[in-house]
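Letter by letter, the chains look like this.
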Amino acid sequence: MLRNIIHQLGYYLLKPFREHFIFMIVFFILVTFLLPAYEIVYNQLYINAIILSIHCFVLSFIVTLVIGLIKPKILRQIIQGFLLSALGVLFAISFYCIFVLGYLFDSDVAQLVLGTDINEAKEFASVMIPKWAIFTVSFFFLILAVLWYLSTHYNLNLGKLPSKIALGITCLCILVNIDCWTIWQDGPINFIKQFFYYQVPDDLYSHYTHPNITFSSEQQGVNNIILIIGESFARSHSSLYGYDKMTNPYLENLRDSSMLFVIDSIDSPAPSTALSLKYMLSLYNRDDSIANKQWFDFTSIIELMQCCGYDCFWFGNQAKGSRHNSSSRLFAEACQHQQFLQQEGGDKFNTNFDKILVDSSFNYVSHLNPEQKHFIIYHMMGSHFDFCMRYPQEYSKFSEIEYADSPQEHRSILASYDNSILYNDYIVSLIMDLYKNKDAIIIYLPDHGQVMYRDPNEPDFFAHASEKDPKQYALGIEIPFLIYASPLYQERHPDVVERIKYRQNHTKVWNSENLPYLIMDLIGVKEVDGVAVKPKSLLN
Ligand SMILES: [Zn+2]
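Residues numbered from 1 in each chain as written. Predicted model: local features only at pLDDT ≥ 70, side-chain atom pairs only at ≥ 80, totals over all residues. Heavy atoms only, no water.

## Some details on the pattern of salt bridges
Note the threshold: What counts as a salt bridge is simple: a side-chain nitrogen of Lys or Arg found within 4 Å of a carboxyl oxygen of Asp or Glu. Every helix listed is a DSSP run of H or I at least four residues long, and every strand listed is a run of E at least two residues long, numbered separately from the N terminus. Residue burial is assigned from relative accessible area. The probe radius is 1.4 Å, only protein chains are included, and a residue is buried under 20% of its type maximum, exposed over 50%, and partly exposed in between.
A complete count under the given rule lists 11 salt bridges for this structure. Here R255 ties to E252 by a salt bridge, and the two come within 3.6 Å at their closest N and O atoms. Placement of both R255 and E252 in helix α11 (residues 249-256) is noted, with a separation of 3 residues, approximately one turn of the helix. For R255, a relative accessible area of 27% puts it in the partly exposed group. The salt bridge partner of E333 is R329, with a shortest N-O separation of 3.0 Å.

What follows is the structure, given as structure tokens:
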């Protein structure tokens, strides 16, 4: 009886090697190859890589074992085919993340895969999938397909004795896996979890935290706070910061008439839009990324302003997207009023220049109630790729000839980028002009910078920085940071203006993830939920 049971058990345990060996191997390769590869290449954690491979092997064995029990054969083959195809797709995505973007697949990439704002996904696809990556992945798939094909024509399974040896090795692997059980957290299960655990709130309102806000007694608030969120503006391309081409003539005028203050040494919290906005517009910050809370469980700037009695209006010229793929939409929808000015759809439909932001808000701004407090946000298309789509013909001032020092293939991109910055300069100054007769303070900052061929290790790369390379990352988060104070504001709040001037002349390393604290500081808030505002404010 016992002998019989052991015999049966042995038969089933040997099945993966004797009948489904190629499936198990292909499954193992797809599931394993990239995770340990990442550990080795980027973290030099060789032991971890080995343990992770063992974990993947055990997982492949278990999956093959279970699938081997499925009958009839045709159903089993369908499930096997489906599993391998799904893994193939994940493999391609993960390959791209690790070797092109430089980081492991996570829920932020899952977000990109599931849709993102359409523009950014297209930008990724058009600029950031190099041919070598497509070639390598295709070649890899070809090898696996040949292997699979051969297995259907020849018996590539293991024989009796090799199967027993393999089972013995597998048992050892299971023991190692049990001993290092925490490796599950880094394994493929985690990879797939990112898709399902990527949480999207229906709205921010249901996640409001009802913060406890204490006002400081000495400072009086301001009626109109305006936040202009730009797009992909590299500080090094601004003439306000010493760029040799005149890309910011209008804003330089405002600076020269002492209405605009130019702050240096500011970084954005991430080199991409969706992530950066989450940090910039809420109390969520990079240290919280490991905490169990999601970004939307943190107090948003919209809620903070509403708590302080501000009426919030969002004018957006970026695609609205769905709730699943656009954090800007969630922030916008939390405002009491919002206008999405860009049409939905792909890049080719996103043809509204940012001037539409000025035209659409003109009426509203002209009739602002001086007794009420307003927080108005402009979300610009700015210098979003494709740069040449971001400005009308008359702003096509820079042309290839002016970039003779750069390689031929960079010149048209550089020229169109600078033209988009020049047009951006015009639009930002027009928005500031709308408020020149009001008690208003305006902050302009882009969501992040852009590499623009400055990385010596990747001289042909101009897009959003990758996080794999700290040097490139540092280039991708350098942003301009501007504060406009209207004459009336300067008259009413001379103390704040002094602090801004001081910061203009004495730079401080500051990350725009602390933007909510600067805004709280400007409206006279002392503490939010017991956290002092001033130490995190730019002006302190
Ligand atoms: Zn962006």
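Following the structure, the description resumes.
## Some words on the state of the cysteines
Going by this rule: Two cysteine sulfur atoms make up a disulfide if the distance between them is within 2.5 Å.
Counted under the stated rule, the structure contains 0 disulfides. Left unpaired, C307 is separated from the closest cysteine sulfur, that of C308, by 6.4 Å.

## As for the sheet that holds strand β11 (residues 531-532)
What counts, and what does not: Following DSSP output, two strands are said to pair if at least two bridges run between them.
A sheet is described by the order of its strands in space; here 3 strands give the open sequence β1-β10-β11, paired in antiparallel fashion. The open sheet has two edge strands, β1 (213-215) and β11, and neither has a second partner. Alignment of strand β10 (residues 525-528) against β11, held across 2 bridges, turns out to be antiparallel. Note on β11: the bridge partner recorded for E527 is A532.

## Remarks on the packing of aromatic side chains
Definition in use: Each pair of aromatic rings taken from Phe, Tyr and Trp, with Trp reduced to its six-membered ring, is defined by centres within 6.5 Å and is described as stacked if the planes are under 30 degrees apart, edge-to-face if over 60, and tilted in the remaining cases. A ring has a charge above it when a Lys NZ or an Arg CZ is no more than 6 Å from the ring centre and no more than 35 degrees off the ring normal.
All told, the structure shown has 30 aromatic pairs when counted by the stated rule. Judged by centre distance (5.2 Å) and plane angle (25 degrees), the ring pair of Y395 and Y426 falls under stacked. With Y395 in the loop between β6 (373-379) and α16 (408-434) and Y426 in helix α16, this pair connects stretches of sequence that are 31 residues apart. No difference in accessibility class separates Y395 from Y426, as the two residues are buried. Connected via pairs of aromatic rings, a cluster forms that spans F91, F95, W132, F140 and F141. Sitting above the plane of the Y403 ring, K245 keeps its charged end 4.6 Å from the centroid.

## Looking at the packing of helix α2 (residues 21-32) against helix α8 (residues 131-153)
As a reminder of what qualifies: Simply put, an axis is a line fit to the C-alpha atoms, just over the touching stretch for a helix, and the angle between two N-to-C directions goes from 0 to 180 degrees. Angle categories are assigned with fixed cut-offs, so that under 35 degrees is roughly parallel, over 145 is roughly antiparallel, 65 to 115 is roughly perpendicular, and the rest are oblique. In what follows, a contact means two residues having at least one pair of non-hydrogen atoms within 4.5 Å. When residues are grouped by polarity, Ala, Val, Leu, Ile, Met, Phe, Trp, Tyr, Cys and Pro land in nonpolar, Asp, Glu, Lys and Arg in charged, and all others, Gly among them, in polar.
Contact geometry for α2 and α8: axes closest at 10 Å, N-to-C directions at 170 degrees. Taken together, the axes of α2 and α8 are roughly antiparallel relative to one another. Between α2, through I22, F23, V26, I29 and L30, and α8, the contact on the second element is made entirely by F140, F141, L144, L147, W148 and S151. Tallied by class, the residues present in the contact of α2 with α8 amount to 10 nonpolar, 1 polar and no charged.

## Description of the pairing of strand β2 (residues 224-230)
Within β2, 7 of the 7 residues are buried, leaving the element largely enclosed by the surrounding structure. Here β2 shows no split at all, with N224, I226, I228 and G230 on one side and I225, L227 and I229 on the other all buried. Here β2 pairs with β6 via 6 bridges, running parallel. Residue L227 lies in a different strand from β6, and its bridge partner there is I377. Note: β2 against strand β7 (residues 440-446), 7 bridges, orientation parallel. Bridged to L227 within β7 is I443.

## Remarks on the pairing of strand β3 (residues 260-267)
The pairing of β3 with strand β8 (residues 478-485) spans 6 bridges and is classified as antiparallel. Directly across from I266, in β8, lies its bridge partner I479. Note: β3 against strand β9 (residues 510-511), 2 bridges, orientation parallel. Of the residues in β9, the one forming a bridge with I266 is W510.

## Quick look at the nonpolar core
What counts, and what does not: The criterion is simple. A nonpolar core is a set of buried Ala, Val, Leu, Ile, Met, Phe, Trp, Tyr and Cys residues joined through side-chain atoms within 4.5 Å.
Judged by nonpolar contacts, the single largest core of 60 residues is most densely connected at I225, I302, M305, F375, F481 and M520. By residue number, the principal contributor to this core is helix α20 (residues 515-522), which donates 6 residues. Non-local contacts of F375, meaning those with residues more than four positions away in its chain, are made with I225, L227, I301, I302, M305, Y310, D311, C312, F313 and I519. Core analysis: the second largest hydrophobic core is formed by 49 residues, I226, F385, I413 and Y453 among them.

## Here we look at the sheet that holds β8
Read across the sheet, 8 strands follow the order β5-β4-β6-β2-β7-β8-β3-β9 without closing on themselves; strand pairing throughout is mixed. Each edge of the open sheet is held by one strand with a lone partner, namely β5 (337-340) and β9. As paired elements, strand β4 (residues 310-316) and β5 share 4 bridges and run parallel to each other. Within the sheet, the bridge partner assigned to W314 lies in β5 and is Q338. Against the sheet, helix α14 (residues 327-334) makes contact with β4, β5 and β6, and its axis sits at roughly 140 degrees relative to β5, the strand it touches most.

## Topic: α8
Heads up, the condition is: What a helix should span is 1.5 Å times the count of its residues minus one.
Given a rise of 1.5 Å per residue, 23 residues ought to cover 33 Å, and the 33 Å separating the end C-alpha atoms of α8 matches this to within 8%. Buried residues of α8: A133, V137, F140 and L144, and no others.

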